[in-house]
Amino acid sequence: MELTEEQTMVRDMVREFALKEVEPIAAEIDEIQRFPEETVKRMAELGLMGIPIPEEYEGAGGDYVSYILAVEELSRVCGSTGITLAAHYSLGLSPIWYFGTEGQKRKYVPDLASGRKIGTFGLTEPNAGSDAAGTQTTAVRDGDHWIINGAKQFITNANYTGTCVITAMIDRSKGARGIGSFILEKSMPGFRAGKKEDKLGLRGSNTAELIMEDVRVPAENQLGNLESGFKYFMKTLDSGRISIGALALGIAQGALDKALAYAQERKQFGKFLYKHQQIQFMLADMATEIQAARHLVYHAARLKQRKEPHSMEGAMGKLYASEAAYRATKNAVQILGANGYSREYPVERYMRDAKLCEIGEGTSEIQRMVIARRLIGGNM
Ligand code: COS
């Protein structure tokens, strides 16, 4: 697929880093659910934590497609590392970068873009998952502060976050229009991470609760106003879904890499697996779906880069790539047979990791809803 010279350079650099420093620990961090702080530090040194952010704000001054390529390449060897970067950049840093005031950007973006701090996004709650507007966290005005109370759930990077953007209900009578967005710092009294989740997949990524008890947040930390708070979160998800598409794409490609290698090593009935037509068909379907997914995800990324609407295209990329990744990883396990089912080989990890892509940042059902709404709205 056509990439610029710079995009190719970023992809190759991340590929090399991923193979040398990420893949060797991928099984271990999955097994013991260890967040790889050393990898995040290295990603910061390599400028990966804020690829599309200008150098003036301590980013790498690259483009959005390069960032998507970085998520894909990391996920090709380790989905946990891929989602750590995707959640940090697309969900934690982006709302401040795209919707913050100049003062908010100057205060928060450099620490995030340089990787000195990790970003998080607090939307999901025990009763507000797919129904994003169902938030029960509240923000009550007190002079020049907001007092925030509530709890967020399944928050990626929660135990390691420095800066977090969250939603809170200001005026329940207004529904989604009564929700505000706020920037919180981990150091604010009353703000803490809670229980870490024990997950099926992406076990090297950190997922935990965020708890807010009478957190006093300065009024200037509100992101936008009451009219825009919820919309900024929805727009953040529109773009975030492109990075989950890239996560799925990387996982699927990684599974195909492993299945292809195995099919050329393992002999059954006197010939290599890849010479059996059933295996060839599986590999061909995997490769075809991965290529289709890549077109959809890169297309959405290019729209985002050109600042064009990409809500539907991002949802299509995420939906297709996630479902293709789950099928591809299941096939990879099947091709490796009993070895595929064993933890000695990485493909069972790929399959567990792929499942999250059909759930996080909007389930496949939500993606279909977003796509259908755009179709009915005539935006095709
Ligand atoms: N961009 C800009 N504005 C948007 C938007 C988008 N993508 N999606 C919705 N909005 C706006 C609407 O235009 C509406 O504004 P007005 O009242 O001014 O017309 C407002 O937000 C409320 O929208 P709507 O009425 O459509 O809200 P719903 O409660 O029906 O829910 C969905 C909309 C389902 C799309 C939303 O709840 C959603 O995306 N849910 C999934 C959340 C998710 O992905 N969670 C995963 C965890 S976060 S990692």
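In what follows, the structure referred to is the one given above.
In this text, all values refer to a predicted model and were calculated from it rather than measured experimentally.

Trainee: Sorry, what's going on with the overall build of the protein chain here?
Mentor: If you tally the helices and strands in the protein chain, you get ten helices and ten strands. Dimensions of the protein chain, computed from the C-alpha atoms along their principal axes, are close to 80 × 45 × 40 Å. Evaluated residue by residue, the protein chain yields a buried proportion of 57% over its 380 residues. Counting only contacts in the protein chain whose residues sit at least 6 apart along the sequence, the fraction spanning at least 24 positions is 74%. Here the protein chain has roughly 16200 Å² of accessible surface; of this, 52% comes from carbon and sulfur atoms. The protein chain carries 47 positive and 48 negative side-chain charges, and their two centres are separated by 3 Å.

Trainee: I would appreciate a short explanation of the pairing of strand β1 (residues 118-122) in the present structure.
Mentor: Two faces, one strand: in a regular strand the side chains alternate between the faces of the sheet. Counting buried positions along β1 gives five out of five residues, so the element sits mostly inside the fold. Here β1 shows a buried face lined by Ile 118, Thr 120 and Gly 122 and a second buried face lined by Gly 119 and Phe 121. Across five bridges, β1 lies against strand β4 (residues 161-169) in parallel orientation. Looking across to β4, one finds that Phe 121 is bridged to Val 165.

Trainee: Any chance you could explain the nonpolar core here in plain terms?
Mentor: Nonpolar side chains in soluble globular proteins tend to be buried together. Core analysis: the biggest nonpolar cluster contains 89 residues, and Tyr 67 and Ile 335 have the highest contact counts within it. A per-element tally of this core places helix α6 (residues 229-263) first, with 17 residues. Leave out the neighbours within four places in its chain, and Ile 335 touches Ala 259, Tyr 262, Leu 273, Ile 279, Met 282, Leu 283 and Met 286. Ile 148, Ala 158, Ala 208 and Ala 219 belong to the second largest nonpolar core, which has 18 residues in total.

Trainee: What exactly am I supposed to notice about unusual backbone geometry here?
Mentor: Trans is the prevailing form of peptide bonds, just as negative phi is the prevailing case for residues other than glycine. Phi at Glu 58 is positive, roughly 70°, even though this residue is not glycine. Positioned with a positive phi, Leu 202 is a non-glycine residue whose angle comes to about 45°. Along the polypeptide, Leu 202 turns up in the loop between β6 (191-196) and β7 (207-218).

Trainee: How do you make sense of the layout of surface pockets when you look at a structure like this?
Mentor: If a probe the size of a water molecule is rolled over the atoms, the empty space left behind becomes visible. Reported here for the second largest pocket is a volume of approximately 270 Å³. Lining the second largest pocket are 15 residues, and of these Gln 268, Leu 273, Ile 279, Gln 334 and Ile 335 sit closest to its centre. Contributing elements (two or more residues each) for the lining of the second largest pocket: α7 (277-305) and α8 (311-341). Looking at the lining of the second largest pocket, the element that brings in the most residues is α8, giving six residues. When the residues that make up the lining of the second largest pocket are grouped by side-chain class, the tally is eight nonpolar, six polar and one charged.

Trainee: Looking at this structure, I do not really get the packing of α7 against α8. What am I missing?
Mentor: The angle between the axes and the distance between the axes are what describe a pair of packed helices. Contact geometry for α7 and α8: axes closest at 9 Å, N-to-C directions at 155°. The orientation of α7 relative to α8 falls into the category roughly antiparallel. The interaxial crossing formed by α7 with α8 has left-handed handedness. Considering only residue class, the contact of α7 with α8 consists of 17 nonpolar, five polar and three charged.

Trainee: It is not clear to me how the site of the ligand should be interpreted in this structure. Could you clarify?
Mentor: By nearness alone, 21 residues border the ligand, and Ser 130, Arg 177, Lys 231, Asp 238 and Arg 373 come closest of all. Here Ala 132 contributes a backbone N or O atom positioned 3.4 Å from an oxygen atom of the ligand. Contact distances for the ligand include 2.8 Å between an oxygen atom and a side-chain N or O atom of Arg 241. Protein contact buries 72% of the 1000 Å² of open area that the ligand shows by itself. Sorting the residues of the shell around the ligand by element identifies α6 and α10 (364-376) as the ones contributing at least two each. Per-class residue counts for the shell around the ligand are nine nonpolar, four polar and eight charged.

Trainee: Any chance you could explain the packing of helix α4 (residues 79-99) against helix α5 (residues 102-113) here in plain terms?
Mentor: Where α4 meets α5, the closest approach of the two axes is 9 Å, and the angle between their N-to-C directions is 160°. One element, α4, and the other, α5, form an angle in the roughly antiparallel class. Remark: the crossing between α4 and α5 carries left-handed chirality. Contacts between α4 and α5 involve His 88, Gly 92, Leu 93, Ile 96 and Trp 97 from the former and Gln 104, Lys 105, Tyr 108, Val 109, Leu 112 and Ala 113 from the latter. The class makeup of the residues in the contact of α4 with α5 is seven nonpolar, three polar and one charged.

Trainee: Sorry, what's going on with the pattern of salt bridges here?
Mentor: If the charged atoms of two oppositely charged side chains come close together, the side chains can form a pair. If you walk through the whole model with that rule in mind, you get 32 salt bridges. Between Arg 294 and Glu 72 there is a salt bridge; the shortest N-O distance is 2.8 Å. Of this pair, Arg 294 sits in helix α7 while Glu 72 sits in helix α3 (residues 64-77), placing them 222 residues apart in sequence. Considered together, Arg 294 and Glu 72 belong to a single accessibility category, that of buried residues. Here Arg 203 and Asp 198 are joined by a salt bridge, their closest N and O atoms 3.2 Å apart. A relative accessible area of 15% means that Arg 203 is categorised as buried. Ionic contacts of the salt-bridge type, sharing partners, join the residues Arg 15, Glu 73, Arg 76 and Asp 257 into one network.

Conventions we followed
Residues numbered from 1 in each chain as written. Predicted model: local features only at pLDDT ≥ 70, side-chain atom pairs only at ≥ 80, totals over all residues. Heavy atoms only, no water. Helix = DSSP H or I, 4+ residues; strand = E, 2+ residues; numbered from the N terminus. Buried < 20%, exposed > 50% of the residue type's maximum accessible area, 1.4 Å probe, protein only. Contact = heavy atoms within 4.5 Å. Areas by Shrake-Rupley, 256 points an atom, 1.4 Å probe, with all protein chains shown as cover. Lys, Arg positive; Asp, Glu negative; His and termini not counted. Charge placed at Lys NZ, Arg CZ, Asp CG, Glu CD. Pairing = 2+ DSSP bridges. Core = buried A, V, L, I, M, F, W, Y, C linked by side-chain atoms within 4.5 Å. 1 Å grid on protein atoms, 1.4 Å probe; cavity = no way out; pocket = protein on both sides within 12 Å on 5 of 7 lines; lining within 4 Å. Points joined across faces, edges and corners; volume = space filled by probe spheres on them. Nonpolar A, V, L, I, M, F, W, Y, C, P; charged D, E, K, R; others polar. Axes fitted to C-alpha atoms, helices over the stretch in contact; angles between N-to-C directions. Parallel < 35°, antiparallel > 145°, perpendicular 65-115°, else oblique. Left-handed = near helix turned anticlockwise from the far one by under 90°. Near = heavy atom within 4 Å. Polar contact = N/O pair within 3.5 Å; in protein donor to acceptor, adjacent residues only side chain to side chain. Salt bridge = Lys/Arg side-chain N within 4 Å of Asp/Glu carboxyl O.

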